[in-house]
Amino acid sequence: MTKLWWQNAVVYQVYPKSFQDSNDDGIGDLRGIINRLDYIKELGADIIWLNPIYKSPDIDGGYDIADYQNINPTFGNMDDFECLLKTAHQKGLKIMMDLVVNHSSSDHEWFKKSIGSTDKNNKYRDYYVWRDPVDGHEPNNWGSFFSGPAWTFDEKSGQYYLHLFAKEQPDLNWDNPEVRNSIFDMMNWWAGKGIDGFRMDVISLISKPKDLPDAPKEEGAAYGNAGEIIANGPHVHEYLKEMNQKVLSKHDWITVGETAGVTTEEAKRYANMDESELNMVFQFEHVSLDGNKNTALGKWSDTKTSLIDLRANLAKWQKNLSGKAWNSLYWSNHDQPRTVSRFGNDAPKYRKVSAKMLAAVLHFMQGTPYIYQGEEIGMTNIYFTDINQYRDLESINAYHELVEQEHLLPSETMIKYLAAHSRDNARTPMQWNGTENAGFSKVTPWLPVNPNYKLINVKDALNDKNSVFYFYQKLIKLRHELPIITDGVFNLVEGNESDQEVFAYTRQNEEESLLVIANFTDKVVEREYRVLDNSKLLIQNYKDIVKNNELRPYEVRVYLYEK
Ligand code: TEU
Ligand code: CA
């Protein structure tokens, strides 16, 4: 296997709005990120993925872009961006940008010229997906991912436009070659600035099925589940190959497609080693195991993911992509709950130890690991208790739809589900220190700081040699030093498939093998693993080993054996 630079790199994800405020308006910004680059460097990450920083009305955290070639003034200006890129490069950090081209903002010039137009010669009309009403209704039953219908009526032209997300996020028409070329030109323009790659928002949804048929509808649901029939549509691979030829193949970039609805079979096409499309994809399966299958409630629940399901899923991705395509590895991002609250245990007694265990389990797998800001200090969910505390439109709309319109749930239940799954859990400001507003801003932030910032913050983590931070730092260092972490073949330890408490796997290459053993429970468990003589204990999250065959709560041990 020829190694590509991004295969043993580690990505650190920055959500600019919540990372560091530099001008006291309560909102993070580019200067704030520049001021914190040394921190990311200290952690050891190689690449920063920046969530969208483009001009945007910010209906959906900047995923509604009004101008792809300008910076949102709230975050700074193009000089600030160029300074960020240059400073990052001087420090040896790369910058991966977010590419949001399934849809634009309804404030984008293209859409403003498109809406309301009946002019047959107006080329912008065909930049979006317009359809006539059917029997006075929407053209089909598709629901928006953010509640309500996926269609909005335009009085002036008498047609509906498609928006899989908010009505302020109209879907672009990828079947129009001019749309594709405009997007490719814009990408090449960013290449000219010297960026290092793109993370591609919902790229699996760009090619809509022919004739836009109705989608399957769950019982009690108001609309059809469009995602299911749109994902991996008829021309998606053709369009990505075209993008590859016209843009990606010209640059030594890292590219990752966010691919809701992707299977391992599909991933082998998106992220094939032949490099004809993308480097890797974000799959959604392991972060959907705690949702509801085939009910109108979708992701809203408060059940915990079972270890059996989680392991089966991660192992499937490791095995099926091995040697054929490249995995991305993540526990969280700006759309997901906090890692330690979701998969570990955020009670004070177990927070640090379980955060480290999860980190090790992920970082010893094959693929490129992504760390979401704050994960490296074990930040937790915020557990809001009132719907008025939320800012995210997905959470707010879901509450209104499920509780008030459809009466599928009592309010208290939905509040519990939101506390477990709302995207705002990930978006609370970065906790830098124990001073007011956690050192994020001098003024009240746009979203409250988690009250636990006095106990969980970067300053304390840097002062504690046993912190979660230094554990992550060590994992990154090990990945950079040991080729086996990048190229070793993954296998579950024999019999581990049915173990409800311990996750145990190996990695093997010709020279070495790794053994990872992790207790996912808050109990002491006994297991006999064959740890070969001369094995070296590479990393562990307890100070010592009392008994070889005993794993304490959330204990993880990783052994390296030289053959
Ligand atoms: O997310 C895509 C996506 O699939 C989301 O609808 C996801 O299912 C949801 O957020 C999880 O609850 C991307 C971005 O990451 C997200 O922030 C945007 O809101 C969305 O696309 C639209 O651009
Ligand atoms: Ca600011």
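Thresholds, definitions, all that
In every chain, residue numbers begin from 1 and rise along the written sequence. Chain letters start at A and ligand numbers start at 1, both assigned in the order the entries are written. Only residues with pLDDT of at least 70 get local features here, since the model is predicted, and only at 80 or more are side-chain atom pairs given and counted; chain-wide, interface and lining totals rely on the full set of residues. By convention in this description, side-chain values take in all heavy atoms of the structure and omit both hydrogens and water. UniProt positions are given in the numbering used here, feature names are shortened, and annotations may be inferred rather than shown by experiment. When at least one non-hydrogen atom of a residue lies within 4 Å of a molecule or strand, that residue is treated as near it. In protein, a polar contact requires one atom able to donate a hydrogen and another able to accept it; more generally it is a pair of N or O atoms within 3.5 Å, and residues adjacent in sequence count only if both atoms are side-chain atoms. Computed with the Shrake-Rupley method and a 1.4 Å probe, the accessible areas treat only the protein chains shown as cover for residues. Residues are grouped as follows: Ala, Val, Leu, Ile, Met, Phe, Trp, Tyr, Cys and Pro are nonpolar; Asp, Glu, Lys and Arg are charged; every other residue, Gly included, is polar. Distances up to 2.8 Å from the metal define which N, O and S atoms are donors, and 3.2 Å serves for Na, K and Ca; water is absent from the atom set, so sites may look incomplete. When accessible area is computed with a 1.4 Å probe and restricted to protein chains, residues below 20% of their type maximum are described as buried, those above 50% as exposed, and intermediate ones as partly exposed. For helices the rule is a DSSP run of H or I covering at least 4 residues; for strands it is a run of E covering at least 2, with both sets numbered from the N terminus onward. Any two residues whose heavy atoms approach within 4.5 Å are treated as being in contact. Nonpolar cores were defined as sets of buried Ala, Val, Leu, Ile, Met, Phe, Trp, Tyr and Cys residues, with membership established by side-chain atoms within 4.5 Å. For two strands to be treated as a pair, DSSP must find no fewer than two bridges joining them. All axes here are fitted lines through C-alpha atoms, helices being fitted over the stretch that makes contact, and every angle between N-to-C directions spans 0 to 180 degrees.

An unreviewed UniProt entry lists the protein chain under the name Oligo-1,6-glucosidase, with Pediococcus damnosus given as the organism. In the Sequence similarities (unreviewed entry) part of its UniProt record, the protein chain is described as follows: "Belongs to the glycosyl hydrolase 13 family."

Description of the site of ligand 1
The immediate surroundings of ligand 1 are formed by 16 residues, with D60, D201, K299, D335 and E394 found nearest. Side-chain polar atom of R199 to an oxygen atom of ligand 1: 3.0 Å apart, as the coordinates give it. In this structure, K299 approaches ligand 1 through a side-chain N or O atom, which is 2.3 Å from an oxygen atom. Across the complex, the protein chains shield 93% of the 490 Å² of accessible surface that ligand 1 would expose by itself. Looking at the shell around ligand 1, its residues break down into 5 nonpolar, 2 polar and 9 charged.

Structural notes on the coordination of the calcium ion (ligand 2)
At 2.2 to 2.3 Å from the calcium ion (ligand 2) lie its protein donor atoms, namely D21 (OD), N23 (OD1), D25 (OD), I27 (O) and D29 (OD). Sequence spacing of the donors to the calcium ion (ligand 2): D-x1-N-x1-D-x1-I-x1-D. Judged by relative accessible area, which is 45%, N23 ranks as partly exposed.

So, the environment of G439
By the secondary structure assignment, G439 is in the loop between α14 (424–427) and α15 (458–463). C-alpha separation for the pair G439 and K293, spaced 146 residues apart in sequence, amounts to 41 Å. Leave out the neighbours within four places in its chain, and G439 touches Q20, R36, W432 and N433.

Quick look at the nonpolar core
Core analysis: the largest hydrophobic core is formed by 156 residues, its most contacted members being F81, M187 and F364. Once residues lying within four places of it in the same chain are set aside, the contact partners of F364 are L475, L478, R479, I485, Y505, R507, L514, V516, L538, I539 and V558. Grouped together as the second largest cluster of nonpolar side chains are 18 residues, V129, W151, L164 and F165 included.

Notes on the sheet that holds strand β16 (residues 512–519)
Read from one edge of the open sheet, 5 strands run β14-β15-β16-β20-β18, paired in antiparallel fashion. Looking at which strands have only one partner, the edges of the open sheet turn out to be β14 (489–492) and β18 (536–540). With direction set aside, neighbouring strand axes in the sheet form an average angle of 20 degrees. Of the pairings in the sheet, the one linking β18 to strand β20 (residues 556–562) comprises 4 bridges and is antiparallel in character. Looking at the pairing, K536 lines up with L560 of β20.

Side note on unusual backbone geometry
Peptide bonds are, in most cases, trans, and in most cases residues other than glycine have a negative phi. Positive phi, normally seen in glycine, also occurs at D24, with a value near 55 degrees. Its location among the elements puts D24 in the loop between β1 (11–14) and α1 (30–35). Judged by its relative accessible area of 37%, D24 falls in the partly exposed class. The phi dihedral of Y383 falls on the positive side, at around 55 degrees, and the residue is not glycine. For Y383, a relative accessible area of 41% corresponds to the partly exposed category.

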